[in-house]
Amino acid sequence: MTPANSAASATTDVSASEPSSIDHLKHKKMADAIRVLSMDAVQKAKSGHPGMPMGMADVATVLFTKFMKFDPTEPDWPDRDRFVLSAGHGSMLLYSCLHLLGYEDITLKELQNFRQLGSKTAGHPEYGHAAGIEMTTGPLGQGISTAVGMALAERLTNAKFGDDVVDHRTYVIASDGDLMEGISHEAISFAGHLQLSRLIVLFDDNGISIDGPLDLAESGDQLHRFEAAGWAVSSVDGHNPDEIAAAIEAAQGSDKPSLIACKTTIGYGAPNKQGTSSTHGAPLGEDEIAATRVELGWPHEAFDLPTEVRDGWRIAGLRGCKAHKAWRDRLDGIDASERAEFERRNAGDLPGTLSGVIARLKKDLAAEQPAAATRVASQRVLDTVNQTVPETIGGSADLTGSNNTRSDGMKAIGAGDFAGRFIHYGIREHGMAAAMNGMALHGGVIPYSGTFLVFSDYCRPSIRLAALMGLRVIHVMTHDSIGLGEDGPTHQPVEHLAALRAIPNLQVFRPADVTETAECWQLALESHTTPSVLALTRQSLPSLRTDYSEDNLCGRGAYVIADANGDAEVSLFASGSEVEIAVAAKQALDAAGHPARVVSVPCMELFALQADAYREDVIGDAPVKIGIEAAIRMSWDPIIGSDGIFIGMSSFGASAPHKELYQHFGITAEAAVAAALDQLKSNEQGDNS
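Residues numbered from 1 in each chain as written. Predicted model: local features only at pLDDT ≥ 70, side-chain atom pairs only at ≥ 80, totals over all residues. Heavy atoms only, no water.

> Mind laying out the confidence of the model for the protein chain, listing which residues take part and the relevant values?
Taken as a whole, the protein chain shows an average pLDDT of 96; of its residues, 97% reach a score of 70 or greater. Between the elements of the protein chain, mean pLDDT differs from a low of 42, seen in strand S1 (residues 12-13), to a high of 99, seen in strand S4 (residues 199-205). Overall, residues 1-19 carries pLDDT values under 50, and its contacts beyond four positions in sequence, including any with other chains, amount to 35 contacts. (pLDDT = per-residue confidence, 0-100. Helix = DSSP H or I, 4+ residues; strand = E, 2+ residues; numbered from the N terminus. Contact = heavy atoms within 4.5 Å.)

> Quick rundown of the pattern of salt bridges? Include the residues and the values.
In this structure the tally under the stated criterion is 26 salt bridges. Note that Arg-35 is salt-bridged to Asp-32, the shortest N-O span being 2.9 Å. Of the two residues, Arg-35 and Asp-32 both sit in helix H1 (residues 24-45), 3 residues apart, roughly one turn of that helix. Put simply, Glu-154 and Arg-198 hold a salt bridge, and the shortest N to O gap is 3.9 Å. Of this pair, Glu-154 sits in helix H6 (residues 142-161) while Arg-198 is found in the loop between helix H8 (182-194) and S4, placing the two residues 44 residues apart along the sequence. We classify Glu-154 as buried; its relative accessible area is 0%. You can call Arg-198 buried: its relative accessible area is 17%. Several salt bridges converge on common partners, so that one network encompasses Asp-480, Arg-501, Arg-510, Glu-578 and Glu-629. (Salt bridge = Lys/Arg side-chain N within 4 Å of Asp/Glu carboxyl O. Buried < 20%, exposed > 50% of the residue type's maximum accessible area, 1.4 Å probe, protein only.)

> An account of the environment of Asn-113 is requested, with residue identities and associated values reported.
Inspection of the secondary structure puts Asn-113 in the loop between helix H5 (108-112) and H6. Counting along the chain gives 71 residues from Asn-113 to Val-42, while the straight-line C-alpha distance between them is 9.7 Å. Sequence-distant contacts of Asn-113, that is, excluding residues within four places in its chain, are made with Ser-119 and Thr-121.

> An account of helix H3 (residues 57-67) is requested, with residue identities and associated values reported.
Burial runs high along H3: 10 of the 11 residues are buried. Buried within H3 are the following residues: Ala-57, Asp-58, Val-59, Ala-60, Thr-61, Val-62, Leu-63, Phe-64, Thr-65 and Phe-67.

> Would you mind going over the pairing of strand S9 (residues 392-396) in detail, with residue names and values included?
Burial runs high along S9: 5 of the 5 residues are buried. Here S9 shows a buried face lined by Thr-392, Gly-394 and Ser-396 and a second buried face lined by Ile-393 and Gly-395. Note that S9 and strand S10 (residues 422-424) share 3 bridges and pair parallel. From the neighbouring strand, Ser-396 faces S10, where its bridge partner is His-424. (Pairing = 2+ DSSP bridges.)

> Can you tell me about the side chain of Arg-344, naming the residues and giving the values?
Tracing the chain through its elements places Arg-344 in helix H14 (residues 336-347). When residues no more than four places from it in sequence are discounted, the contact partners of Arg-344 are Asp-349, Leu-350, Pro-351, Pro-390 and Glu-391.

> Explain the sheet that holds strand S15 (residues 559-562) residue by residue, including any values.
Strands sit in the order S15-S17-S16-S18-S19 across an open sheet of 5 strands; the sheet is mixed. Among the strands making up the open sheet, the edge pair consists of S15 and strand S19 (645-647). The sheet shows a mean angle of 30° between the axes of neighbouring strands, direction not considered. Note that S15 and strand S17 (residues 596-600) share 3 bridges and pair antiparallel. In the strand pairing of S17, Tyr-559 is matched with Ser-600. Here helix H27 (residues 669-688) sits on the sheet and contacts strand S16 (570-574), strand S18 (624-628) and S19; the angle it forms with S18, its principal contact strand, is near 160°. (Axes fitted to C-alpha atoms, helices over the stretch in contact; angles between N-to-C directions.)

> Summarise the environment of Ala-302; cite the residues concerned and give the values.
Considering the arrangement of structural elements, one finds Ala-302 in the loop between helix H11 (286-296) and helix H12 (307-317). On the basis of relative accessibility, which here comes to 42%, the residue Ala-302 falls in the partly exposed class. Through-space distance from the C-alpha of Ala-302 to that of Leu-37 is 7.4 Å; in sequence the pair is 265 residues apart. Dropping the residues within four chain positions of it, Ala-302 is found in contact with Asp-40 and Arg-293.

> Any chance you could break down the packing of H6 against helix H18 (residues 429-442) for me, citing the residues and the numbers?
Close contact between H6 and H18 brings their axes to 6 Å; oriented N to C, the two are set at 55°. In terms of orientation, H6 and H18 fall into the oblique class. At the point where H6 passes H18, the crossing takes the right-handed sense. Within the contact between the two elements, H6 uses Gln-142, Ser-145, Thr-146, Gly-149, Met-150, Leu-152, Ala-153, Glu-154, Leu-156 and Thr-157 and H18 uses His-430, Ala-434, Ala-435, Asn-437, Gly-438, Met-439, Leu-441 and His-442. (Parallel < 35°, antiparallel > 145°, perpendicular 65-115°, else oblique. Left-handed = near helix turned anticlockwise from the far one by under 90°.)

> Any chance you could break down the sheet that holds S10 for me, citing the residues and the numbers?
Strand pairing in a sheet takes place through backbone hydrogen bonds and is either antiparallel or parallel in direction. In space, the 6 strands of this open sheet follow the order S10-S9-S11-S12-S14-S13, with parallel pairing throughout. Edge positions in the sheet fall to S10 and strand S13 (507-509), since each of these pairs with one other strand and no more. Averaged over all pairs of adjacent strands, the angle between their axes in this sheet comes to 20°, without regard to strand direction. Against the sheet, helix H19 (residues 456-469) engages strand S11 (446-452) and strand S12 (474-478), with an angle of about 165° to S12.

Spelled out as structure tokens, the structure:
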């Protein structure tokens, strides 16, 4: 396809393309298999979305049987093409294709158990449930945006290992809804900027949404929109296999990412409901299903596939075996050390030298006792880590100098040059987070990137999906409290730590000094199935860990950083920058004759995983328990108890130098001491009454 350069030529018309070798009768039967499996599974489940699979069946049939490179006998083959069903509500399209192609996980029984508890065929595709499902989709916009990260990872690993080892494409089926979501704008412009030509999006242009005709809410021109972002665009009849094939072939030859708008009829084949919103999110009903069988000329019972149709799909599923074997031969032919490095990275294993490198860094920090903002400490750690772990890929959402995520010597990537390891994402926090998910899903790289903690709100849907999928992605989120100072309440996170801690399977690290920062980075890197957030300070903090410890103390989530002299009357619990305040309060209480202890809590999630005996020992039995964090109380009660004292925020912040803000909001050692003494006095009076 020749890229269009003017608005007038934005749409490449492939209707006049030379006919391909597609057997139309055979194609129709194979596409109809998707249609009937989808409508029957939805009907049996009494819920689901039959319209999209029925409408895009022709497109999926051409894509999977004529173009995609994969091997059902080894679904995780690293050089396979990736397929993302961004329109995840149409999950039966994916499940039908996987079953028909011979993926062992998706049996006929699994199709019959669609949307049932424990089945591999969930309502929306879920990564890890079955081979062939490349990511969890359903939240619209996430699939296409994550696919951008997959396509980027392909180019990054290709730059390292070459065409013989890494040479594949990423295909997406996206809906109108995907393209209306705001994240799609970020992803589309980013992919166009980087000229990710291995990314091909097939747009289900059916003109229907849940509420009815699309023009109720949308009147934009998607083709011109994509072209303006630097994509190659074309438009086809989504029910004409020759046009579909010609467009995909042209897209494969483009030097830009490609959008193919496939004009389809939602619910295609259902004579009374096709083309209407009634097919979008509800079963067709027994009468309409019977009528559809007549309309399609499909006399077979539900889930009964004729042998010639099944055989046609299974033969198509074997197309990739030859390419897979040829790839394996090429991989075996490269230098042994290079092959071992490729396999290590794709397995997700870290270099064996990392733990030793972190240990040496911790020894240096114990000797130096440097004072530094934890964002600065993070960069020092990265200067070491990025030399040891060559697959890390850093980045920032236009805050590189503030997030400190670009270590010494890190070259930035750009269009046509993917040899670097740093990504300028621009002001695209949501798209950045989704792209990081895609990179992690692709494999071979470990993505991390930075923004301000307050902007985790922009990233949250993608962070939640990372946690749901169990991905190793690392979010460096600096300026983590009112301690950022003068930028004021718009930039000062107050509720964000609690909001992030509420996400299952997400680690939120808030280190108190340089040594804890090093340990938290090690934990994040070693967490293969858990995403991490590192909440880091703008303001400088003292070094609190005065002695070297071989153990990673942060690995237990909380630990006693300063013990009491004798039986503790007060236990002070704090994270991050407030551990310094807790230590100062302990010193004052000790001097006043009230022994106190300090517990640093860098990661509540890891602490919750510890054995009861350890948790009880760390929490202790001091009669007064105080939590200190420059954030809201939520998430602290499991540690300090509902009757514990909390020194923190209960409102938004303000614009002022950070030391004045801590005084203004009462987050000080003096406030902690006064609260402790009041409680001790109250306890004593209660004992005497």
